[in-house]
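Each chain is listed here by its residues.
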Amino acid sequence: QVQLVESGGGLVQPGGSLRLSCAASGSIFRLNVMSWYRQAPGKQRELVATITSGGSTNYADSVKGRFTISRDNAKNTVSLQMNSLKPEDTAVYFCEYHHVGALKAYWGQGTQVTVSS
């Protein structure tokens, strides 16, 4: 089992910044993938950014150049630095973890990000 705890959400004005963090604990495999997803009201959950244990990253087109995902393998944490936030970034953001090659995914409880003036 893997437990994920997110933090760092909140209310920010358009153009502002927020940093989300996710701490993983439990049965962490050396080869793993950690991601951030988001879900806005009435919409499907969508992938925001992914980072492998080797440091490879991938981003949704909508956040490229504005968001940066990073991780600390020693601490089993992943972060999402969000800059130039837009109202359309408003959503609940979820941290996700899975072992490389595994079908089972683990999810955090989610943290609300609201971008509004």
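Residues numbered from 1 in each chain as written. Predicted model: local features only at pLDDT ≥ 70, side-chain atom pairs only at ≥ 80, totals over all residues. Heavy atoms only, no water.

Quick word on the overall build of the chain
Using the following cut-off: Secondary structure counts use DSSP, requiring at least four H or I residues in a row for a helix and at least two E residues in a row for a strand, with both numbered from the N terminus. Think of it in three bands: residues with accessible area under 20% of the maximum for their type are buried, residues over 50% are exposed, and the middle band is partly exposed, with areas taken using a 1.4 Å probe on protein chains only. The contact criterion used is simple: two residues touch if any of their non-hydrogen atoms lie within 4.5 Å. We get accessible surface area from the Shrake-Rupley algorithm with a probe of 1.4 Å; when it comes to residues, only the shown protein chains can shield them.
Per the secondary structure count, the chain includes 0 helices and 11 strands. For the chain, the spread of C-alpha atoms along the principal axes amounts to about 40 × 25 × 20 Å. Taking all 117 residues of the chain together, 40% fall into the buried category. In the chain, 53% of the contacts between residues at least 6 apart in sequence involve partners at least 24 apart. Here the chain has roughly 6200 Å² of accessible surface; of this, 50% comes from carbon and sulfur atoms.

Topic: the nonpolar core
Cut-off, in case you're wondering: In this text, buried Ala, Val, Leu, Ile, Met, Phe, Trp, Tyr and Cys residues form a nonpolar core when linked through side-chain atoms within 4.5 Å.
The biggest cluster of nonpolar side chains holds 29 residues, and the ones touching the most others in it are Leu 4, Trp 36, Leu 80, Met 82 and Tyr 93. Excluding residues that lie within four positions of it along the chain, Leu 80 makes contacts with Leu 18, Arg 19, Leu 20, Trp 36, Val 48, Ala 49, Phe 67, Thr 68, Ile 69 and Tyr 93.

Points about the environment of Gly 8
By secondary structure assignment, the location of Gly 8 is in the loop between β1 (2-7) and β2 (10-12). Sequence separation of Gly 8 and Lys 104 is 96 residues, and the distance between their C-alpha atoms is 26 Å. Residues contacting Gly 8, with those up to four places away along its chain left out, are Leu 18, Arg 19, Leu 20 and Thr 111.

Looking at the packing of aromatic side chains
The relation between two aromatic rings is expressed through the spacing of the ring centres and the mutual angle of the planes. Here is the rule we go by: Pairs were defined over the aromatic rings of Phe, Tyr and Trp, the Trp ring being its six-membered one, requiring ring centres within 6.5 Å. Orientation was assigned from the angle between planes: stacked under 30 degrees, edge-to-face over 60, tilted for the rest. In this scheme, Lys NZ or Arg CZ marks a charge over a ring once it lies within 6 Å of the ring centre and within 35 degrees of the ring normal.
Enumeration over the complete set of coordinates arrives at 2 aromatic pairs. Look at Tyr 97 and Tyr 106: their rings are 6.3 Å apart centre to centre, the planes differ by 55 degrees, and that puts the pair in the tilted class. It is Arg 45 that lies over the ring of Phe 94; its NZ or CZ is 3.8 Å from the centre. Over the aromatic face of Tyr 106 sits the side chain of Lys 104, whose NZ or CZ is 5.0 Å from the ring centroid.

Things to note about the sheet that holds strand β8 (residues 77-82)
Definition in use: When DSSP locates at least two bridges between a pair of strands, those strands are taken to pair. An axis is simply a line fitted to the C-alpha atoms; with a helix, the fit covers only the stretch in contact. Between two such axes, the angle follows the N-to-C directions and lies from 0 to 180 degrees.
Taken together, the 4 strands give an open sheet; going across it, the order is β1-β3-β8-β7, and neighbouring strands pair in antiparallel fashion. The two strands at the open ends of the sheet, each matched to only one other strand, are β1 and β7 (67-72). Adjacent strand axes in the sheet meet at a mean angle of 15 degrees when their direction is disregarded. Note: strand β3 (residues 18-26) against β8, 6 bridges, orientation antiparallel.

Quick word on the state of the cysteines
Counted only if it meets this: Two cysteine sulfur atoms make up a disulfide if the distance between them is within 2.5 Å.
Taken as a whole and judged by the stated rule, the model has 1 disulfide. Note on cysteine connectivity: Cys 22 is disulfide-linked to Cys 95, with sulfurs 2.1 Å apart. With the S-S bond torsion at -80 degrees, the cross-link from Cys 22 to Cys 95 turns out left-handed. In this pair, Cys 22 is assigned in strand β3 and Cys 95 in strand β9 (residues 91-99), connecting sequence segments 73 residues apart. Its relative accessible area of 1% is what places Cys 22 among the buried residues. Its relative accessible area of 0% is what places Cys 95 among the buried residues.

Section: unusual backbone geometry
Phi angles above zero are rare outside glycine, and Asn 76 is one such case at about 55 degrees. Overall, the relative accessible area of 24% leaves Asn 76 in the partly exposed class. Phi angles above zero are rare outside glycine, and Ser 84 is one such case at about 50 degrees. Along the chain, Ser 84 falls in the loop between β8 and β9.

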